[in-house]
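# Topology and contacts: notes
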Amino acid sequence: MKPIEFADVVVVGGGSCGSVVAARLSENPDRSVLLLEAGPTFSGVADVPAALVDASMLPVGPGSEWVGTYGAELAPGIGRTIARGRVLGGSGAVNGGYFVRATPGDFDAWPQSVWSFDQVLPYYVRSETDIDGCGSSQWHGSRGPMPVARTPENARHPLTAAFVDSAVRAGFRMYEDMNAPDAASGGVGAVPLNIRNGTRVSAALAYLLPITGRNNLRVQGNTTVASLMFKGTRVIGVEMIVDGVRRIVRSDTVILSAGAVHTPAVLLRSGIGCADDAVALGISVTVDSPGVGHGFSDHPEITVPVATGNDPSATSPALEAVLHAGDVEIRPYTRRFDQLIHGLPRGPHVVGVGLMRSAGRGSIALRSTDPFEAPEVRYRYLESEGDRRAMREGVELTRELLASARLSGEVAAPGTDDPLSALGTSLHLSSSAKMGPESDPVSVLDDHCRVRGVEGLLVIDTSAFPVVPSRGPHATAIMFAERAVALMGVEPAE
Ligand SMILES: Cc1cc2nc3c(=O)[nH]c(=O)nc-3n(C[C@H](O)[C@H](O)[C@H](O)COP(=O)(O)OP(=O)(O)OC[C@H]3O[C@@H](n4cnc5c(N)ncnc54)[C@H](O)[C@@H]3O)c2cc1C
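All of the points below concern the structure found in this document. Since the model is a prediction, treat every value here as computed from it, not as a measurement. (Residues numbered from 1 in each chain as written. Predicted model: local features only at pLDDT ≥ 70, side-chain atom pairs only at ≥ 80, totals over all residues. Heavy atoms only, no water.)

### So, the site of the ligand
Residues in contact with the ligand amount to 36 residues; listed here are only the nearest, S16, E37, S91, T462 and H474. Between an oxygen atom of the ligand and a main-chain N or O atom of C17, the distance comes to 2.9 Å. With respect to the ligand, the backbone of V87 contributes an N or O atom lying 3.2 Å from an oxygen atom. In the complex, 96% of the free accessible area of the ligand, which totals 1,000 Å², lies under the protein chains. Those elements giving two or more residues to the shell around the ligand turn out to be helix 1 (16-25), strand 5 (78-85), strand 13 (223-231) and helix 6 (259-269). In terms of residue class, the shell around the ligand is built from 13 nonpolar, 19 polar and 4 charged. (Near = heavy atom within 4 Å. Polar contact = N/O pair within 3.5 Å; in protein donor to acceptor, adjacent residues only side chain to side chain. Areas by Shrake-Rupley, 256 points an atom, 1.4 Å probe, with all protein chains shown as cover. Helix = DSSP H or I, 4+ residues; strand = E, 2+ residues; numbered from the N terminus. Nonpolar A, V, L, I, M, F, W, Y, C, P; charged D, E, K, R; others polar.)

This is the structure in structure tokens:
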């Protein structure tokens, strides 16, 4: 039997948030930090495979070694297999590179004690280096790890250019900087991207891989955390599976950063969740916390086909500009999905319509106690008439804009009679173990990300968001990890 290991802090999951958390916490050389990641890890920046940094592709297709999948029901009768990053850098290592901040109004739903927009803005700023010359403004950083840049107007893909032109001619305001607070009121603009010279810069690349030489930091890959260990209600470590062997590591502080699908699954396997469901699976109850896995939110997406007649550029990022109109975000993807993702069957070139403030609330439940069996995920998209109407109006607006776009080829939006039959998801799942007031029976965390009812356990990832922001979550995930670590009393070294 191997000696039992100990670390001052164990971070479970080396994705977008976990990479930030482990990097910031290990700035103190007196604190030992162990990062456990289910997928493969790398010893330094130079070891990261080209497929993970090529920002013109999303390495999430069938057979990808960088993702885990789960089966999900988007709405009754509409099932999908969904991929999330399962590699150092997590979903942020395989995503589209869109790096737009949440709007100031999004934070009205967050605990105002420590998460108002004014309180989080310095952490957006701290996380980034805006390389488009926005760095001197009060909204932008010039020294943070994440690079942020926009595709210059003269380098835009023809569909992007035609779409932006069409939106402006239709009266939508043009924004140079979609990360500025005034862009929240809607309009069209270039998407801030965490892409530099064609490289998708994940949090692992930006924060973690440059500092893996620290003596007090250990990053261990191919390690799946099965459950948490408790003495009474105090966390004392984790149980994990390494090369098929169950092992344990001791710690007084465990931070769950396994993402919005797997963080609730680890909690549920550890007896933190609905007590009746735990008992039904033979799990002994640690804390009856009915909100774990319940009430998550995401952005439904419907796609509108477009025949552009343009030669697709092989190197454009997936998205260069978007339009915010009411509650929808319209996304003129630069290429067909089968050109962006290896292994997909050929499909039409599409424009996406994302519903960014959806009333739909989903649930995640264990199918078994096996840590390698993905949980059951039900989205309950478009149940409300308001959501269906907003989507139909978004599809209609998209068709109008495409019809008046000055494209070189034919523009077509054949669609179907019912656009809702083309339902998909934006893969922005959030708020599956949310922060909230103690009076809210489905809140799981206090405003410092501590799991209620136990000691020594925190959740720092997109699960903790009170609700998905009305923009893609990645920039907010990085800000969130920065702010959450600061709330632990750890300010980053300057
Ligand atoms: C294909 C795709 C494209 C996307 N595109 C965009 C985009 O362009 N812009 C945007 O804003 N958002 C995008 N998103 C969403 C965004 O990337 C995620 O919301 C964000 O990365 C989530 O960060 P996280 O830290 O919560 O989780 P993740 O980054 O998913 O990290 C979780 C990590 O935990 C590990 N893990 C899970 N279970 C265990 C376990 N039991 N033990 C140990 N480790 C475990 C996983 O392997 C993973 O590395 C996209 C998501 C996907 C999947």
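Having seen the structure, we can now continue with the description.
### Description of the side chain of T129
By secondary structure assignment, the location of T129 is in strand 6 (residues 128-130). Judged by its relative accessible area of 17%, T129 falls in the buried class. Among the polar contacts made by the side chain of T129, one reaches the main-chain carbonyl oxygen of S142 at a distance of 3.5 Å. (Buried < 20%, exposed > 50% of the residue type's maximum accessible area, 1.4 Å probe, protein only.)

### Observations regarding helix 6
Side chains three or four residues apart in an α-helix point the same way, a direct result of the helix having 3.6 residues per turn. Across the 11 residues of helix 6, 10 count as buried, placing the element largely inside the fold. Within helix 6, burial applies to G259, A260, V261, T263, P264, A265, V266, L267, L268 and R269.

### Here we look at unusual backbone geometry
Comment: phi is negative for the bulk of residues other than glycine, and the bulk of peptide bonds are trans. Positive phi, normally seen in glycine, also occurs at D243, with a value near 50°. Locating D243 in the fold gives a position in the loop between strand 14 (234-242) and strand 15 (245-250). Exposure remark for D243: the relative accessible area of 71% places this residue in the exposed category. Positive phi values are uncommon outside glycine, yet R380 reaches one of about 55°.

### Focus: the pairing of strand 13
Among the 9 residues of strand 13, 8 are classified as buried, and the element is accordingly described as predominantly covered. Two elements, strand 13 and strand 14, share 8 bridges in a ladder whose sense is antiparallel. Considered in strand 14, the bridge of T223 is made with V242. Taken together, strand 13 and the strand that follows it, strand 14, pair antiparallel across an intervening segment of 2 residues, in which G232 is found at a positive phi of about 65°. (Pairing = 2+ DSSP bridges.)

### Regarding the side chain of H299
On the secondary structure map, H299 appears in the loop between strand 19 (294-296) and strand 20 (300-305). What makes H299 buried here is its relative accessible area of 0%. Reaching out from H299, the side chain makes a polar contact with the backbone oxygen of P469 at a distance of 2.7 Å.

### Quick look at the nonpolar core
Membership of the largest hydrophobic core comes to 94 residues, with the highest contact counts inside it found for W115, L228, V238 and L457. When residues of this core are assigned to their parent elements, the largest contribution, 10 residues, is made by helix 10 (residues 474-487). The residues touching L457, leaving out its near neighbours within four places in the chain, are L228, F230, V235, V254, L256, L267, I272, C449, R450 and V451. F163, A167, L323 and L423 belong to the second largest nonpolar core, which has 40 residues in total. (Core = buried A, V, L, I, M, F, W, Y, C linked by side-chain atoms within 4.5 Å. Contact = heavy atoms within 4.5 Å.)

### Regarding the sheet that holds strand 16 (residues 253-256)
Strands belonging to one sheet form pairs held by backbone hydrogen bonds; the direction of such a pair is parallel or antiparallel. Across the sheet, 5 strands lie side by side as 12-3-2-16-27; this open sheet has parallel pairing. Across the chains shown, the open sheet's two edge strands, defined by having one partner strand only, are strand 12 (217-220) and strand 27 (457-459). Averaged over all pairs of adjacent strands, the angle between strand axes in this sheet comes to 15°, irrespective of strand direction. In the sheet, strand 2 (residues 9-12) pairs with strand 16 via 4 bridges, with the strands oriented parallel. Paired with V12 across the bridge in strand 16 is L256. (Axes fitted to C-alpha atoms, helices over the stretch in contact; angles between N-to-C directions.)

### Regarding the sheet that holds strand 5
If you walk across this open sheet you meet the 5 strands as 5-4-25-24-19, and the pairing is mixed. The open sheet has two edge strands with one neighbour each: strand 5 and strand 19. Direction aside, neighbouring strands of the sheet carry axes that sit 35° apart on average. As defined by bridge partners, strand 24 (residues 362-365) adjoins strand 25 (residues 376-378) across 3 bridges and the pair is classed as antiparallel. Of the residues in strand 25, the one forming a bridge with I364 is V377.

### Here we look at helix 9 (residues 385-403)
End to end, helix 9 covers 27 Å across 19 residues, agreeing with the expected 27 Å (1.5 Å per residue, within 8%). Those residues of helix 9 that sit buried are D387, A390, M391, G394, V395, L397, T398, L401 and L402. Down the axis of helix 9, the smallest arc covering the buried residues is 165°, so these residues share one side. Across helix 9 from its buried face, at more than 90 degrees, point the exposed residues E393 and A403. The inward-facing, buried residues of helix 9 contact helix 4 (158-169), strand 20, strand 21 (321-325), strand 22 (328-332) and strand 23 (350-355). (Expected span 1.5 Å × (residues − 1). Arc of directions from axis to C-beta.)

### Considering the packing of aromatic side chains
Inspection of the entire model under this criterion finds 12 aromatic pairs. Where F107 meets W110, the ring centres are 5.0 Å apart and the plane angle is 50°; that geometry is what we call tilted. For the pair F107 and W110, one class covers both residues: buried. Between F107 and Y124, the ring centres sit 6.3 Å apart and the planes meet at 75°, which makes this aromatic pair edge-to-face. A residue pair is termed long-range when its members are at least 10 positions apart, and F107 in the loop between strand 5 and helix 3 (117-127) and Y124 in helix 3 qualify at 17 residues. Both residues of the pair, F107 and Y124, count as buried. Stacked on the ring of W115, the Lys or Arg R483 has its end atom at 5.9 Å from the ring centre. (Phe/Tyr/Trp six-rings, centres within 6.5 Å; stacked < 30°, edge-to-face > 60°. Lys NZ or Arg CZ within 6 Å of the ring centre and 35° of its normal.)

Any link to function would need more than the numbers given here.
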